[in-house]
Amino acid sequence: MSREAYQIPTGSGSNFAGQGANATRAVDPLGEHASINYLCGDCGTKFPLKRNEAIRCRECGCRVLYKERTKRMVQFEAR
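Calculation criteria
Residues numbered from 1 in each chain as written. Predicted model: local features only at pLDDT ≥ 70, side-chain atom pairs only at ≥ 80, totals over all residues. Heavy atoms only, no water. Core = buried A, V, L, I, M, F, W, Y, C linked by side-chain atoms within 4.5 Å. Buried < 20%, exposed > 50% of the residue type's maximum accessible area, 1.4 Å probe, protein only. Helix = DSSP H or I, 4+ residues; strand = E, 2+ residues; numbered from the N terminus. pLDDT = per-residue confidence, 0-100. Contact = heavy atoms within 4.5 Å. Pairing = 2+ DSSP bridges.

### Describing the nonpolar core
Core analysis: the biggest nonpolar cluster contains eight residues, these being Ile36, Tyr38, Cys40, Phe47, Leu49, Cys57, Cys62 and Leu65. Of all the secondary-structure elements, those providing two or more residues to this core are strand S2 (35-40) and strand S3 (46-50). With three residues, the top contributor of residues to this core is S2.

Rendered as structure tokens:
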């Protein structure tokens, strides 16, 4: 599937995998307050970051952050 053909799933009426109570991405209708959970590379703290926040751990100040792995199944076609 090409990048241009991808359609963003909407949460209307169905519960997508990974978008339950423990979803890693919280999105509001306007997209202004969307946040993604990150994991600090130094102290291991989990915390959400919004789009315009500084890329820095709130506990130790480390700038090495990792995105949490998705709960959704990801499958690739290998040749």
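And the narrative resumes.
### Some remarks on the confidence of the model for the protein
In this model, the protein carries a mean pLDDT of 76, and residues with pLDDT of at least 70 account for 67%. For the protein, per-element mean pLDDT is lowest for strand S1 (residues 25-26), which scores 52, and highest for strand S4 (residues 65-67), which scores 93. Below pLDDT 50 for its whole length, residues 14-24 participates in 14 contacts with residues either more than four positions away or in separate chains.

### Observations concerning the pairing of S3
Covered by surrounding structure in S3 are Phe47 and Leu49 only, the residues Lys46, Pro48 and Lys50 on the alternate face being uncovered. Across five bridges, S2 lies against S3 in antiparallel orientation. When the sheet's bridge partners are listed, serine 35 is paired in S3 with lysine 50. Taken together, S2 and the strand that follows it, S3, pair antiparallel across an intervening segment of five residues, in which glycine 44 is found at a positive phi of about 80 degrees.

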